[in-house]
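What follows is the residue order along each chain.
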Amino acid sequence: MQVLKFGGTSVGSAQRIKEVAALIDNGKQKVVVLSAMTGTTNALVEIANYLYKKNLDGANEKIALLEKNYFQVVDELLATEKGKALGIELVKSHFNHLRSFTREPINLYDEKDILAQGELLSTTLMQFYLEEKQIKSHLISALNFMRIDKFGEPDDFYIKENLNREIKQLGESYLIITQGFICRNAYGKIDNLQRGGSDYSATLIGAALEVDEVQIWTDIDGVHTNDPRIVENTHAISELSFDEAAELAYFGAKILHPTCVTPAKIANIPVRIKNTLDPAAPGTLITSNCTKKRVRAIAAKDGITAIKIKSGRMLMAHGFLRKVFEIFEAYKTSIDMITTSEVGVSVSIDDAKFLDEIVDDLKKYGTVDIDSDQVIICVVGDLIADNKGIAASIFNALKEVPLRMISYGGSNHNISVLVKAEYKKTALVALSQNLFND
Ligand code: ADP
Ligand code: ASP
Ligand code: MG
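Residues numbered from 1 in each chain as written. Chains lettered and ligands numbered in written order. Predicted model: local features only at pLDDT ≥ 70, side-chain atom pairs only at ≥ 80, totals over all residues. Heavy atoms only, no water.

**Q** With reference to specific residues and values, describe the sheet that holds strand β2 (residues 30–34).
**A** One open sheet holds the eight strands; their spatial order is β3-β4-β2-β1-β7-β9-β10-β8, and the pairing between them is mixed. Looking at the sheet topology across the chains shown, the edges are occupied by β3 (138–139) and β8 (239–241). As paired strands, β2 and strand β4 (residues 175–179) are joined by five bridges and run parallel to one another. Looking at β4, one finds that V33 is bridged to T178. Sitting on the sheet, helix α7 (residues 198–209) is in contact with β1 (2–6), β2, β4, β7 (213–218) and β9 (271–275), with an inclination near 160° to β2. (Pairing = 2+ DSSP bridges. Helix = DSSP H or I, 4+ residues; strand = E, 2+ residues; numbered from the N terminus. Contact = heavy atoms within 4.5 Å. Axes fitted to C-alpha atoms, helices over the stretch in contact; angles between N-to-C directions.)

Below you can see the structure in the form of structure tokens.
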């Protein structure tokens, strides 16, 4: 069995949905995980924002516009009278559901419900199309098996039990369709696995079913050596280790959800990245036993804040770092990078929601300086200390870029530096030119 996940662009129009249907109809047993059609989740976020601001006209206008697009998709996707009628009914019911939120102020639960409509629509439209084409398939709702616990972490046991039960009930089944991204939380309410979370759904499903392979089908021919939106002449990497892929995903390579590699790594299930627009391209294969390469790829993570706590008197006293970390823990704020010296410690965070509170508490232990609008630039590869000269090449490449923090040795796969956002492009381009001009 395999899991195949198709992202927003891959199901972004009636034509694309038809192409995906042709790709998945090959007699092999599989679970197909779909994202919302491209642009839909963003539009739903906007609708929720209008509703939070009590701008009902704005919300209604946006709902009507999106609904119109879906009527168009139905018209192009489904050919028969019956299919078109079913499609129209489906779209009406989801958009009436959205309109039901325009009656009173929305809360966080309502927002999650609003955001879930995109995946519910795309999967049902795919199922209607497959039925029309007489391709035997079953649609199962991710809301029946995908669940996060009260800390927001996937509930692996629940997922495994309930997904296997759902599939068993189907009897003989080769093609199963389900939604990415959406889930229920510990209280049974509709929730999600964060933006881009369909990748995570795919690997969680893959691990729960112990499949042979998880395939992530997207709009590019694999994981590239650098962010192709910023740097020219990047190319697809044929193989990556789980650890390298995890570092790239966590440090900003948008192609993969930050934590989606973990379930595949734990279950040792290969993950293959494929291009829906060019299915014959080999893509990227992520496994535990790929060949090693000194420098594999570069990624960047935006929106970082650096915090420096200076306290000559206390730093070397035992327990100081624990006290500092406890403050971040109290505000559920995770630290990405850390560097220490005799007189101070610098950390970087990507979630500045509780920055004021954190800084207030840190002031008990020393003076605090903040640098916002920073970017982590992360070089990934086989970076064990024995591999001489890599750090020298990286810093030589970055000689024109002021570096706020440097992190090396935390893992064998990652050297990271923190730079001001204005230097991001210069740093990415310089690293690409210096490290990949082989
Ligand atoms: P999907 O909708 O299929 O989940 P995403 O937009 O989430 O697709 O991810 C694919 C996009 O990620 C690509 O179109 C590309 O612009 C961007 N991207 C950023 N970094 C990388 C990288 N290192 N390799 C490939 N794509 C990347
Ligand atoms: N539709 C969701 C999003 O846009 C999930 C995903 O595409 O992976 O974030
Ligand atoms: Mg994505």
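After that view of the structure, there is still more to cover.
**Q** Quick one: what's the story with the layout of surface pockets, residue by residue and with numbers?
**A** Volume-wise, the second largest pocket comes out at about 270 Å³. Taken together, 15 residues make up the lining of the second largest pocket; nearest its centre are D156, L204, A207, P263 and I266. Elements with a contribution of two residues or more to the lining of the second largest pocket: α6 (156–169), α7 and α9 (261–267). Across the lining of the second largest pocket, the residue classes break down as 10 nonpolar, one polar and four charged. (1 Å grid on protein atoms, 1.4 Å probe; cavity = no way out; pocket = protein on both sides within 12 Å on 5 of 7 lines; lining within 4 Å. Points joined across faces, edges and corners; volume = space filled by probe spheres on them. Nonpolar A, V, L, I, M, F, W, Y, C, P; charged D, E, K, R; others polar.)

**Q** Which residues make up the state of the cysteines, and what values do they have?
**A** Applying the stated criterion across every chain, the model contains zero disulfides. You can see C183 has no disulfide; the closest cysteine sulfur is in C260, sitting 15 Å from it. A residue is classified by how much of its surface remains accessible, and C183, at 0% relative accessible area, is buried. With no disulfide partner, C290 has as its closest neighbouring cysteine sulfur the one in C378, 16 Å distant. In this structure C290 comes out as buried when scored by relative accessible area, which is 14%. (Disulfide = S-S within 2.5 Å. Buried < 20%, exposed > 50% of the residue type's maximum accessible area, 1.4 Å probe, protein only.)

**Q** Which residues make up the packing of aromatic side chains, and what values do they have?
**A** In the structure shown here, the tally under the stated rule is five aromatic pairs. Ring centres of Y70 and F95 lie 5.8 Å apart, and the angle between their planes is 45°; on these two criteria the pair is classed as tilted. A residue pair is termed long-range when its members are at least 10 positions apart, and Y70 in helix α3 (residues 56–77) and F95 in helix α4 (residues 81–100) qualify at 25 residues. Relative accessible area serves as the criterion here: at 3%, Y70 is assigned to the buried category. What makes F95 buried here is its relative accessible area of 1%. With a centroid separation of 6.4 Å and an interplanar angle of 90°, the aromatic rings of F320 and Y365 are classed as edge-to-face. Remark: Y365 occurs in the loop between α11 (355–362) and β14 (367–380) and F320 occurs in helix α10 (residues 320–330); sequence separation between them is 45 residues. As far as the burial class goes, F320 and Y365 line up, both buried. (Phe/Tyr/Trp six-rings, centres within 6.5 Å; stacked < 30°, edge-to-face > 60°.)

**Q** Let's hear about the pattern of salt bridges: which residues, and what values?
**A** Inspection of the entire model under this criterion finds 18 salt bridges. A salt bridge links K160 to E210; the shortest N-O distance between them is 2.8 Å. Highlighted residues: K160 in helix α6 and E210 in the loop between α7 and β7, separated in sequence by 50 residues. Take E210: its relative accessible area is 59%, and that puts it in the exposed class. Members of the salt-bridge network, linked through shared partners, are K301, D336 and D350. (Salt bridge = Lys/Arg side-chain N within 4 Å of Asp/Glu carboxyl O.)

**Q** Which residues make up the site of ligand 2, and what are the values?
**A** For ligand 2, the full set of nearby residues is S35, A36, T41, E119, F181, R195, G196, G197 and S198. One of the backbone nitrogen or oxygen atoms of G196 is found 2.8 Å away from an oxygen atom of ligand 2. A distance of 3.4 Å is found between an oxygen atom of ligand 2 and a backbone nitrogen or oxygen belonging to G197. When the free accessible area of ligand 2 is taken as 270 Å², the share hidden by the protein chains comes to 86%. Looking at the shell around ligand 2, its residues break down into two nonpolar, five polar and two charged. (Near = heavy atom within 4 Å. Polar contact = N/O pair within 3.5 Å; in protein donor to acceptor, adjacent residues only side chain to side chain. Areas by Shrake-Rupley, 256 points an atom, 1.4 Å probe, with all protein chains shown as cover.)

**Q** Requested: an account of unusual backbone geometry, with residues and values cited.
**A** Positive phi, normally seen in glycine, also occurs at Q134, with a value near 55°. Inspection of the secondary structure puts Q134 in the loop between α5 (108–132) and β3. You will see that D373, though not glycine, has its phi angle at about 60°, which is positive. Checked against the element boundaries, D373 lands in strand β14.

**Q** Kindly report on the nonpolar core, identifying the contributing residues and their values.
**A** Grouped together as the largest cluster of nonpolar side chains are 100 residues, with contacts concentrated most on F6, I24, M146, I205 and L256. Looking at this core, the element that brings in the most residues is α5, giving 10 residues. Ignoring anything within four residues of it in the chain, the contact list for I24 reads L4, F6, K30, V32, L130, L175 and I177. Counting residues in hydrophobic clusters, the runner-up holds 21 residues, among them V231, V295, A397 and V419. (Core = buried A, V, L, I, M, F, W, Y, C linked by side-chain atoms within 4.5 Å.)

**Q** Residues and numbers for a nonpolar patch on the surface, please.
**A** Side chains of L321, F325 and I338 sit close together on the surface and give an oily, nonpolar patch of about 210 Å² of accessible area. Summarising the element assignment, I338 is placed in strand β12 (residues 335–340). (Patch = residues over 30% accessible without salt bridge, like charges linked within 9 Å, V, L, I, M, F, W, Y side chains within 5 Å.)

Honestly, it's all geometry; don't read function into it.
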